[in-house]
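Below, each chain spelled out in residue letters.
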Amino acid sequence: GTELANLASYCQGRQKFQDAEEFLVKSLHINRQSLPSQHPTIVASLRMMGSLYIAWGKLDKAEKCLTEALDIIQSAYLTQHQEAAFVMSLMGRCYQKQGKTIDSERLHRQALNLTIDLYGDDHHQTAVEYHELGWCLHVQERYREAKAALHTALKIKTNVNGREHPSTAWTLCWLSRCYKRTSDYQKSLSLMTEAAEIMKNRMGDSHPDTLTLLEELQSLHMQKERNVES
């Protein structure tokens, strides 16, 4: 099952969602055949399928997979297992995309608290969960709280991964979006410029993530100029 899961991850990264689904369905079938029904590896398989369906935009399928994973976590006393944090965070993301903001925030906060219990305050996964919470709050237009969560994520990522890391760049990007929403265009531009520069240096000029950030940076410059003119 592991090799199939790795192939699925490769395909998902290239947006070949149908191929990824095929590999994950096979992997889950093998795991169900060879492992106890409440094994953490089966939870991981369901979590990977949930992640794929979120990326693919098939939110009902994602919710079904993640609900099954959470049911296993509860019934198998895996609530303090790292998979519990991963699944809760993904379910929070799924709920956010479905417009279920209260449930989404609740799950993101539970995932963050469990991750801190498991890994401590200064760990990459803790930073990821602060970033996810910041994204959740940003979508709810609670920009002050979103900034606080994202600044915490940025501090941890800078300590753990270094400033010149693509993951750090994405947190800088979301912070920039928060400052844009509160009309602090100077701060927003500074953060987005740094994010785009990191992504360009690490991933190359033509990488889709680099192009996304450069496009946002250009849009910010244009918006700032319009505000100055008005």
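Shown above is the structure to which this text applies.
Residues numbered from 1 in each chain as written. Predicted model: local features only at pLDDT ≥ 70, side-chain atom pairs only at ≥ 80, totals over all residues. Heavy atoms only, no water.

Details of the nonpolar core
In step 1: One finds Val43, Ile54, Leu66, Ile73, Val87 and Met88 to be the most contacted residues of the largest nonpolar core, which totals 34 residues.
In step 2: Looking at this core, the elements that each hand over two or more residues are helix H1 (2-13), helix H2 (17-34), helix H3 (40-56), helix H4 (59-75), helix H5 (82-97) and helix H6 (101-119).
In step 3: Aside from chain neighbours lying at most four places away, what touches Met88 is Leu70, Leu107, Gln110, Ala111 and Leu114. (Core = buried A, V, L, I, M, F, W, Y, C linked by side-chain atoms within 4.5 Å. Buried < 20%, exposed > 50% of the residue type's maximum accessible area, 1.4 Å probe, protein only. Helix = DSSP H or I, 4+ residues; strand = E, 2+ residues; numbered from the N terminus. Contact = heavy atoms within 4.5 Å.)

Let's talk about the packing of aromatic side chains
In step 1: Taken as a whole and judged by the stated rule, the model has two aromatic pairs.
In step 2: Judged by centre distance (6.2 Å) and plane angle (10°), the rings of Tyr53 and Trp56 are stacked. Pair noted here: Tyr53 and Trp56 are both in helix H3, with a separation of three residues, about one helical turn.
In step 3: The class of Tyr53 is buried, set by a relative accessible area of 4%.
In step 4: Site record: aromatic cluster; members linked through ring pairs are Phe17, Tyr53 and Trp56. (Phe/Tyr/Trp six-rings, centres within 6.5 Å; stacked < 30°, edge-to-face > 60°.)

Points about the pattern of salt bridges
In step 1: According to the stated counting rule, one finds 13 salt bridges in the structure shown.
In step 2: Among the ionic pairs, Glu83 bridges to Arg47, the shortest N-O distance being 2.6 Å. Residue Glu83 is located in helix H5, and its partner Arg47 is located in helix H3; the two are separated by 36 residues in the primary sequence.
In step 3: Through salt bridges that share partners, Glu105, Arg109, Arg142 and Glu145 make up one connected network. (Salt bridge = Lys/Arg side-chain N within 4 Å of Asp/Glu carboxyl O.)

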